[in-house]
Amino acid sequence: MQKTNPGRFFEDYELGMVIDHAVPRTVSGGERALYHALYPMRHALYSSDEFARDCGLPAGPLDDLAAFHIVFGKTVPDVSLNAVANLGYAEGRWLKPVWPGDTLRASSEVIGLKQNSNGRTGVVYVHSKGFNQNDECVMEYKRWVMLRKRDNDAPAPETVLPDLKPVLDPSDLVIPEGLDFSSYDFTLAGEPHRLGDYEIGEKIDHVDGVTIEEAEHMMATRLWQNTSKVHFDVTARPDQRLIYGGHVISMARALSFNGLANAQMIVGLNGGAHANPCLAGSTVKAWSEVLDKAETNAPGVGAIRLRLVATKGGSPFELKGADGKYLPDVLLDLDYWALMPV
């Protein structure tokens, strides 16, 4: 009996397959400290327990993207260990805050399959969920991954493409219990801009840049227990190790503080694409576009829909060429909902 796990290949997946992922992980304040060490994160709700209490929460929760990385990392050995690329996201929702002391586990269901025309790879669609120790779903998302085939002669499965929402409706968003921005301290948060100060269609250059280093990327992938070979093993790619796409997401989100300091909590992920690979030595910059705004039932809390674009130092506000394809400098195109004081 084979004791080691070589990872699944495209032909190993079946529609409706449910995979319970190992290994549960108890989080602590250490994850928050390391997250803030890896990324220049400054959003007040996650940085200060006192600020969070003044906003109606019992303390500062674990950063939304840190929770995402932990849940995502659980899925990698079963979903994307042999991935060529992680292609996109949809219908992501943060359903409950994650607190120090919580234990997270993950489960995924295969919701779509499509073999590529080359016959050597295929795309697998999964619906992944993260649960806490009380079996409460704290977050969910759908993503699709291109995987190698073990046997190129293996028959292609019936093509099934899931029906994915292009955008979450504001009614789909879950506001953390007790959240109240009616006494929000804009001075401590770092900027005076509230929801009404942003216009749909407005674009914001976040100005700052951060050069991605190999050492910090390797620390991040280990922290999130992301074992995908293209991130760890230089022989798995013809050139350098590929920077984990979530590392780029968190870096861009951290850079967006300059101009969007009050976009405090990510509660919805409408879609996302890792447009071009990121390698060590790239300098990441970011810009955002306001796509929509909405009211919520929580006191003083509004929702803002943002496009977050990360580039390799390219000019701000340039995304695609005349052919409709992403420009070579574009690393990330992310569409998300965040909570902001009205």
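Residues numbered from 1 in each chain as written. Predicted model: local features only at pLDDT ≥ 70, side-chain atom pairs only at ≥ 80, totals over all residues. Heavy atoms only, no water.

Caption draft 1: Examining the overall build of the chain more closely. Per the secondary structure count, the chain includes nine helices and 10 strands. Relative to the compact-globule value of 20 Å for 342 residues, the chain shows a C-alpha radius of gyration of 20 Å, a close match. Along the longest, intermediate and shortest principal axes, the C-alpha atoms of the chain span 60 × 50 × 40 Å. A buried classification covers 54% of the 342 residues belonging to the chain. A separation of at least 24 residues holds for 78% of the contacts in the chain among residues at least 6 apart in sequence. By element, 50% of the accessible surface of the chain is carried by carbon and sulfur atoms, the whole surface being about 14,400 Å². The centroid of the 33 positive side-chain charges in the chain is displaced by 6 Å from the centroid of its 45 negative side-chain charges. (Helix = DSSP H or I, 4+ residues; strand = E, 2+ residues; numbered from the N terminus. Rg over C-alpha atoms; globule rule 2.2 N^0.38 Å. Buried < 20%, exposed > 50% of the residue type's maximum accessible area, 1.4 Å probe, protein only. Contact = heavy atoms within 4.5 Å. Areas by Shrake-Rupley, 256 points an atom, 1.4 Å probe, with all protein chains shown as cover. Lys, Arg positive; Asp, Glu negative; His and termini not counted. Charge placed at Lys NZ, Arg CZ, Asp CG, Glu CD.)

Caption draft 2: Region of interest: the side chain of D78. Of note, D78 is situated in helix α4 (residues 64-79). Reaching out from D78, the side chain makes a polar contact with the side chain of R8 at a distance of 3.2 Å. In this structure, D78 is in contact with R8, Y13, I19, D20 and H21, ignoring residues within four places of it in sequence. (Polar contact = N/O pair within 3.5 Å; in protein donor to acceptor, adjacent residues only side chain to side chain.)

Caption draft 3: Up close: helix α6 (residues 214-223). Of all the positions in α6, only H217, M218, A220, T221 and L223 are classed as buried. Those residues of α6 that are buried are in contact with β1 (18-26), α1 (29-38), α7 (229-232) and α8 (245-255). Just downstream of α6 lies Q225, where phi reads positive at about 55 degrees.

Caption draft 4: Main features of the side chain of S128. Note on placement: S128 falls in strand β4 (residues 121-131). There is a polar contact of 2.6 Å between the side chain of S128 and the side chain of S108. Beyond its immediate stretch of four places on either side in the chain, S128 contacts T75, S107, S108, M139, E140 and Y141.

Caption draft 5: Representation of the sheet that holds strand β9 (residues 301-311) within the structure. Spatial ordering of the open sheet is given by β1-β3-β4-β5-β2-β7-β10-β9-β8-β6, a layout of 10 strands whose pairing is antiparallel. Both outer strands of the open sheet, β1 and β6 (203-211), are each paired with one neighbouring strand and no more. The mean angle between the axes of side-by-side strands here comes to 25 degrees, regardless of whether they run parallel or antiparallel. Bridge count between strand β3 (residues 103-115) and β4: 10 bridges; the pairing is antiparallel. Opposite G112, over in β4, you have Y125 as the bridge partner. Sitting on the sheet, α8 is in contact with β2 (83-94), β6, β7 (265-274), β8 (283-295), β9 and β10 (330-341), with an inclination near 50 degrees to β10. (Pairing = 2+ DSSP bridges. Axes fitted to C-alpha atoms, helices over the stretch in contact; angles between N-to-C directions.)

Caption draft 6: Representation of the pairing of β3. Pairing of β1 with β3, which is carried by six bridges, proceeds in the antiparallel orientation. Bridged to D20 within β3 is S107.

Caption draft 7: How the structure looks around the packing of aromatic side chains. Counted under the stated rule, the structure contains 13 aromatic pairs. Aromatic side chains F72 and Y141 sit 6.3 Å apart centroid to centroid with 20 degrees between the ring planes, which places their arrangement in the stacked category. Of this pair, F72 sits in helix α4 while Y141 sits in strand β5 (residues 137-148), and the two are 69 residues apart along the sequence. Comparing F72 with Y141, the two get one shared label, buried. Judged by centre distance (5.1 Å) and plane angle (70 degrees), the ring pair of F181 and Y184 falls under edge-to-face. Taking the relative accessible area as the measure of exposure, Y184 reaches 8% and is therefore buried. Each residue in the set F68, F72, Y89, W94, Y141 and Y244 is aromatic and connected to the rest through ring pairs, giving one cluster. Over the ring of Y326 we find K320, and its NZ or CZ is 4.8 Å from the ring centre. (Phe/Tyr/Trp six-rings, centres within 6.5 Å; stacked < 30°, edge-to-face > 60°. Lys NZ or Arg CZ within 6 Å of the ring centre and 35° of its normal.)

Caption draft 8: Region of the structure containing the environment of V267. If you trace the backbone, V267 turns up in strand β7. Since its relative accessible area comes to 3%, V267 is described here as buried. Along the chain, V267 and K96 lie 171 residues apart, while their C-alpha atoms are 9.4 Å from each other.

Caption draft 9: Representation of the environment of Y244 in the model. Along the polypeptide, Y244 turns up in the loop between α7 and α8. Sequence-distant contacts of Y244, that is, excluding residues within four places in its chain, are made with F68, H69, F72, H217, T221, W224, N226 and H231. In terms of polar contacts, Y244 uses its side chain to reach the side chain of H69, at 3.1 Å.

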